[in-house]
Amino acid sequence: MSNTDAPGHELPGRRVTYLQIIRLGLPILIGQLGMIVVGFADTKMVGLYSTEALASASFVNNLFNVCIFACVGFTYGLTPLVGSLFTQGRFRSIGSLLRNGVAVNVAFALLVTAVMTVVYFNLHRMGQPAELLPVMRPYYLIYLSGVVPVALFNVFAQWAYAIQRTRMPMWIILGANVLNIAGNWLLIYGHWGCPELGLTGAGISTLVARLVCPAAIICVFAFRGDYREYRRGFADGSITSEQWRLVGHTSWPVAMQMTFESGSFSAAAVMAGWLGAIELAAFQITVIIGTLGFCVYYSMAAAVSVLVSNAAGLSDRRLMRRTAFSGYHILLALATSASAAFIFFGPEIIRQFTRDPAVTATAVSLIVPMVLYQYCDATQINFANALRGTSKVMPMVWIAFVSYVVVGMPVTYLMAFTASMGIYGILLSFSVSLFLAAVLFLAYFIRHTRRNRKIS
């Protein structure tokens, strides 16, 4: 499709674009904040149970971040495809595409589950404290069981986001979060006659919540009246190799990008474990606090991706840029707010997660490097999502590989061990990889949306 800059299509004002992004992004933000609350609650409840449980949760959670982000990233390939069809009013085609999206994403999630099963049998080879392995193993297996449900829910969530129905997944996520926190309270400590299961109880609670989410969103899709045309397309459509290739073409580069990014953080968690249980526990607390920034940035960037995909369906290059940079302005404001929260309230937040003074002191020392990478993180999230909205996702693979694997992981090791900066160096290294990714995503988005360039 050539770039005609949408002749006859009036470019909305900057204020209108801001409002569109906020309107779409706010329900996603609320859902993300709900997930942050659950993450905070999980970490606090586990941390107050024991330092060993907190350190074990840190390692397993960060290890699984790789596969969870890979599966979630794979579902993101649907957003630009559905968003473009939605702009053109092709609702039955969306339903057919969604059917193929479900099939290919479940297949991908099963593949990831198989890989993580192999990792399970090699946990003892990963250099973690030996006393933590008996705590890690049952939690790992429970977490493994939730990979496919996470992928299935996110397929339908991306469909809902792309058709601008962002509130429905929000309510489902919030309901599951309440269930998760209640389950934690019952099963970690053994309240109301339930068994005291510690970290295993937290895993069971999370798994139940992850099973509820896809069940709920599929029920809404199946029975809500205004989704009738999508259901007809889903029922009448067939699973074809052509649509599998179409979904895979936009999905696997995003999945690889998120795999490389989350993999660098998981590698950092492994390195933190080499330093000891105290450092690993402090790393977990810092990561969960830093997730506050990531999830807030992602919510608005997801709205940017949807609106950029709508503009791509109209072949409107100027609107694509207007949307991306309006979103960036919003994310810069959010990064400033997050940084201020970390600086002024960080020590108090950290004390909510642990009673161990050594863990508290170590985590407090990591606030400054955590704040340093916020603007880089906001920039790379915004323009990665803007690029995703254009469907021009192949460059995301090499950008992420260079930024997070070729540069990020070695820099993490060098700063932590060669430069003897320890856990502080691990956190500080994130700024290097995120800055490089931010610059490359921004440059490629500008290149792709320049005048006289084709939008394919």
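Residues numbered from 1 in each chain as written. Predicted model: local features only at pLDDT ≥ 70, side-chain atom pairs only at ≥ 80, totals over all residues. Heavy atoms only, no water.

### A closer look at the packing of aromatic side chains
- For the structure shown, the criterion picks out 23 aromatic pairs.
- Summarising the aromatic geometry, the rings of W185 and W192 are spaced 5.6 Å apart at their centres and angled 90° between planes, so their arrangement reads as edge-to-face.
- Assessed through its relative accessible area of 76%, W192 is described here as exposed.
- An aromatic cluster of at least three residues, connected via ring pairs, comprises F86, F91, F156, W159, F221, Y227, Y230 and F234.
- Over the aromatic face of Y120 sits the side chain of R137, whose NZ or CZ is 5.6 Å from the ring centroid.
- The ring of Y76 carries R388 above its face, with NZ or CZ at 4.3 Å from the centroid. (Phe/Tyr/Trp six-rings, centres within 6.5 Å; stacked < 30°, edge-to-face > 60°. Buried < 20%, exposed > 50% of the residue type's maximum accessible area, 1.4 Å probe, protein only. Lys NZ or Arg CZ within 6 Å of the ring centre and 35° of its normal.)

### A closer look at the environment of L275
- With respect to the helices and strands, L275 occurs in helix α10 (residues 241-275).
- For the pair formed by L275 and S56, sequence separation is 219 residues and the distance between their alpha carbons is 14 Å.
- Other than its neighbours up to four places away in sequence, L275 contacts F417, G422, I423 and I426. (Helix = DSSP H or I, 4+ residues; strand = E, 2+ residues; numbered from the N terminus. Contact = heavy atoms within 4.5 Å.)

### What to know about the confidence of the model for the protein chain
- With 95% of its residues at a pLDDT of 70 or more, the protein chain has an overall mean of 84.
- Note on residues 1-9: pLDDT is under 50 here. Beyond four places in sequence and across chains, it has 27 contacts. (pLDDT = per-residue confidence, 0-100.)

### Topic: unusual backbone geometry
- One non-glycine residue, Q164, lies in positive phi territory at about 65°.
- Position of Q164 among the secondary structure elements: in the loop between α6 (147-162) and α7 (167-189).
- Its relative accessible area of 23% is what places Q164 among the partly exposed residues.
- Although it is not a glycine, S420 sits at a positive phi angle of roughly 55°.
- On the secondary structure map, S420 appears in the loop between α16 (394-418) and α17 (422-448).

### With respect to a nonpolar patch on the surface
- Together, L179, L197, I204, V208 and V212 make up an exposed nonpolar region whose accessible area comes to about 330 Å².
- The leading source of residues in the nonpolar patch is helix α8 (residues 199-223), at 3 residues.
- Checked against the element boundaries, L179 lands in helix α7. (Patch = residues over 30% accessible without salt bridge, like charges linked within 9 Å, V, L, I, M, F, W, Y side chains within 5 Å. Areas by Shrake-Rupley, 256 points an atom, 1.4 Å probe, with all protein chains shown as cover. Salt bridge = Lys/Arg side-chain N within 4 Å of Asp/Glu carboxyl O.)

### Overview of the side chain of N310
- Within the secondary structure, N310 sits in helix α11 (residues 277-313).
- Looking at N310, its side chain comes within polar contact range of the side chain of Q164, at 2.9 Å.
- In this view, N310 contacts G83, T87 and Q164; residues no more than four positions away in its chain are not counted. (Polar contact = N/O pair within 3.5 Å; in protein donor to acceptor, adjacent residues only side chain to side chain.)

### What about the environment of G389?
- Along the chain, G389 turns up in helix α15 (residues 374-389).
- Given the relative accessible area of 1%, G389 is considered buried.
- Considering only alpha carbons, one finds G389 and A333, 56 residues apart in sequence, at a separation of 22 Å.
- With sequence-adjacent residues up to four places away left out, G389 is seen in contact with P80, S305, V308, S309 and A312.

### Side note on the layout of surface pockets
- Empty space within the second largest pocket amounts to approximately 170 Å³.
- Taken together, R23, L24, P27, Q164, R165, T166, R167, M168, R224 and Y227 make up the full set of residues lining the second largest pocket.
- Those elements that place two or more of their residues in the lining of the second largest pocket are α1 (14-49) and α7.
- For the lining of the second largest pocket, the element with the most residues is α1, which contributes 3 residues.
- For the lining of the second largest pocket, the residue count by class is 4 nonpolar, 2 polar and 4 charged. (1 Å grid on protein atoms, 1.4 Å probe; cavity = no way out; pocket = protein on both sides within 12 Å on 5 of 7 lines; lining within 4 Å. Points joined across faces, edges and corners; volume = space filled by probe spheres on them. Nonpolar A, V, L, I, M, F, W, Y, C, P; charged D, E, K, R; others polar.)

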